[in-house]
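A look at the structure
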Amino acid sequence: MTQAIQEDDRPLKPALKRGWRQRCPNCGVGPMMKGFLKVRDECPVCKEALHHHRADDGPAYLTILVVGHLMAPLIVWFFVEFRPEPMVMISVFTVGCVALSLFLLPRFKGAIVAIQWSKYMHGFRKA
Ligand SMILES: [Zn+2]
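First, a word on scope: everything that follows refers to the structure included in this document. (Residues numbered from 1 in each chain as written. Predicted model: local features only at pLDDT ≥ 70, side-chain atom pairs only at ≥ 80, totals over all residues. Heavy atoms only, no water.)

Notes on the coordination of the zinc ion
Those donors, Cys 24 (SG), Cys 27 (SG), Cys 43 (SG) and Cys 46 (SG), are the protein atoms that reach the zinc ion, and they lie 2.2 to 2.3 Å from it. Around the zinc ion, the four donor atoms are arranged such that angles at the metal cover 106 to 116 degrees; this shape is classified as tetrahedral. Sequence spacing of the donor residues for the zinc ion, all on one chain, is C-x2-C-x15-C-x2-C. One end of the pair, Cys 24, is in the loop between α1 (12–20) and β1 (33–34); the other, Cys 46, is in the loop between β2 (38–39) and α2 (58–82), and 22 residues separate them in sequence. (Donors = N, O, S within 2.8 Å, 3.2 Å for Na, K, Ca; no water. Tetrahedral: all angles 85-135°; square planar, octahedral: opposite > 155°, others 65-115°. Helix = DSSP H or I, 4+ residues; strand = E, 2+ residues; numbered from the N terminus.)

This is the structure:
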């Protein structure tokens, strides 16, 4: 008799949490990144291969999506409400957009690598 529901040996939710924290999606201890955005070839703790990821433009796309949808209405509201000097407006929102982008980009990359690992995408498939 075949088993109707196969056991999920790589559950998505814990993998996503680990990826968001830029940790290995397998053990959650080893750091996923080498530097700011470079994904390690393998986890230094559990030796899980991570070089199979194909995050490509996904993290940048998600970062732009979130930052744009947060900042665009905020810029309009801030301008209508306070009518600041243009240089104040530019300074505040440039720093805000860059800071939020730098915060989100590695976290989205970790999450995307974790999704790919969890779903056996690309080279993460079972041998
Ligand atoms: Zn690991």
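Read on, since the account is not over.
Some remarks on the packing of aromatic side chains
A full pass over the atoms with the stated rule returns four aromatic pairs. Considering the side-chain rings of Trp 77 and Phe 82, the 5.5 Å spacing of their centres and the 90 degrees angle between planes classify their relative orientation as edge-to-face. The class of Trp 77 is partly exposed, set by a relative accessible area of 45%. In this structure Phe 82 comes out as partly exposed when scored by relative accessible area, which is 48%. Here the aromatic residues Trp 77, Phe 78, Phe 82 and Phe 93 are joined through ring pairs into a cluster of three or more. Arg 107 extends its terminal NZ or CZ atom over the ring of Phe 103, reaching a point 4.0 Å from the ring centre. (Phe/Tyr/Trp six-rings, centres within 6.5 Å; stacked < 30°, edge-to-face > 60°. Buried < 20%, exposed > 50% of the residue type's maximum accessible area, 1.4 Å probe, protein only. Lys NZ or Arg CZ within 6 Å of the ring centre and 35° of its normal.)

Some thoughts on the nonpolar core
Grouped together as the largest cluster of nonpolar side chains are 13 residues, with contacts concentrated most on Met 32, Val 39, Leu 50 and Val 113. For this core, the leading source of residues is helix α3 (residues 86–118), giving four residues. The contacts of Met 32, once residues within four sequence positions are left out, are Gly 19, Gln 22, Arg 23, Cys 24, Pro 25, Lys 38, Val 39, Arg 40, Leu 50, Gly 110 and Val 113. (Core = buried A, V, L, I, M, F, W, Y, C linked by side-chain atoms within 4.5 Å. Contact = heavy atoms within 4.5 Å.)

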